[in-house]
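Observations on the model geometry
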Amino acid sequence: TTMCSNKRGALIVVEGVDRSGKSTQCKKLVEALEQANFPAKLMTFPDRTTLTGKLIDDYLKNKDCKLNDQAIHLLFSANRWENVEKMKSLINCGVTLVIDRYSYSGIAFSAVKKVMNLDWCKQPENGLPKPDLVFLLTISLEEMLTRPGFGNERYENMSFQNNVANMYNSLCSDKDNWVKINAAGSIEEVHKKLVDISLNTIREVESLPLKSLYF
Ligand code: ADP
Ligand code: 2DT
Ligand code: MG
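The next point concerns the environment of Asn157. Looking at the element boundaries, Asn157 is found in the loop between helix 7 (141-145) and helix 8 (158-172). Sequence-wise, Asn157 and Ser170 are 13 residues apart; in three dimensions their C-alpha atoms are separated by 20 Å. Within polar-contact distance, the side chain of Asn157 engages the backbone nitrogen of Phe160 at 3.0 Å.

The structure is reproduced here in structure tokens:
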């Protein structure tokens, strides 16, 4: 086994609707943490590079792909499960993972379809590494429309995103490891908040065991 740091890294997730700034902020957060001498790595879900990720990519791009709502839900979850060993070994070696979308995207995007109930959507996520901190970037749909527009992927439309925003809010309620951030501020304003809160969490959890997610 490889020798690694006695302090573990934190598992930090960034969630939010389309164009709330997740990808921009995740990248800047990793850079800032590394600058501050905290090893950090960016991860993104879906991880489109793996076998399940390629199926998911086809699905999101509306390619000829016959996956039903249940099957794609489980593939998104499998796409996280196949990364668990990698995630745990990085965290246990002291690397903070900053993750662009995680189980909450999985639950929210599937549950709003009203095909499977919320509880069904949560089940495959049980047992995954539990985030120490979840940032929910909030933005009004009007503000979101001022940013560069929807692409051609599935789910990129206003009514779907509005339902997802409501679902995120209900997933967030009374969870102490969630922090809502007003994402309408400038990129730098939002970034400063994320860095401050992340550094506190990294210090808080460095000697605590990584938990598992249970809904
Ligand atoms: P997401 O990953 O949540 O979809 P992105 O980080 O890709 O969002 O940002 C979407 C677009 O909005 C990009 O063009 C980005 O440059 C811009 N953007 C991100 N954050 C802000 C901000 N705070 N203010 C204005 N524009 C922003
Ligand atoms: P972006 O690459 O723009 O983030 O879009 N999604 C994501 C799900 O439906 N389930 C999931 O488990 C995850 C992680 C959200 C990715 C799209 O995939 C959706 C938008
Ligand atoms: Mg993004």
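The strands that make up a sheet are held in pairs by hydrogen bonds between backbone atoms, and each pair lies either parallel or antiparallel. Here five strands make up an open sheet; going across it, the order is 2-3-1-4-5 and the pairing parallel. Across the chains shown, the open sheet's two edge strands, defined by having one partner strand only, are strand 2 (40-44) and strand 5 (178-182). Across the sheet, the mean angle separating the axes of adjacent strands is 20 degrees when strand polarity is ignored. Bridging between strand 1 (residues 11-16) and strand 4 (residues 133-138) involves five bridges; their strand directions are parallel. The partner of Gly16 across the bridge, within strand 4, is Leu137. Packing against the sheet, helix 5 (residues 103-111) makes contact with strand 1, strand 4 and strand 5, and its axis sits at approximately 30 degrees to strand 1. On top of the sheet, helix 8 reaches strand 1, strand 4 and strand 5; it is set at about 140 degrees to strand 5, its chief contact.

It is worth spelling out the site of ligand 2 at this point. The local shell around ligand 2 consists of Phe45, Pro46, Arg48, Leu60, Phe76, Arg80, Arg101, Ser105, Gly106, Phe109 and Tyr155. Measuring from an oxygen atom of ligand 2, one finds a side-chain N or O atom of Arg48 at 3.0 Å. Taking Gly106, its main chain carries an N or O atom lying 3.3 Å from an oxygen atom of ligand 2. If you list the elements that add at least two residues to the shell around ligand 2, you get helix 3 (69-81) and helix 5. By residue class, the composition of the shell around ligand 2 is six nonpolar, two polar and three charged.

Turning our eyes to something else, we now look at the pairing of strand 3 (residues 96-100). Of all five residues in strand 3, five are buried, a share of seventy percent or more. Residues Thr96, Val98 and Asp100 line one face of strand 3 and the alternating positions Leu97 and Ile99 line the opposite face, and both faces are buried. Pairing between strand 1 and strand 3: four bridges, direction parallel. The partner of Val13 across the bridge, within strand 3, is Ile99.

Conventions and cut-offs
- Residues numbered from 1 in each chain as written.
- Chains lettered and ligands numbered in written order.
- Predicted model: local features only at pLDDT ≥ 70, side-chain atom pairs only at ≥ 80, totals over all residues.
- Heavy atoms only, no water.
- Helix = DSSP H or I, 4+ residues; strand = E, 2+ residues; numbered from the N terminus.
- Polar contact = N/O pair within 3.5 Å; in protein donor to acceptor, adjacent residues only side chain to side chain.
- Pairing = 2+ DSSP bridges.
- Axes fitted to C-alpha atoms, helices over the stretch in contact; angles between N-to-C directions.
- Contact = heavy atoms within 4.5 Å.
- Near = heavy atom within 4 Å.
- Nonpolar A, V, L, I, M, F, W, Y, C, P; charged D, E, K, R; others polar.
- Buried < 20%, exposed > 50% of the residue type's maximum accessible area, 1.4 Å probe, protein only.

Keep in mind these numbers describe shape, not what the thing actually does.
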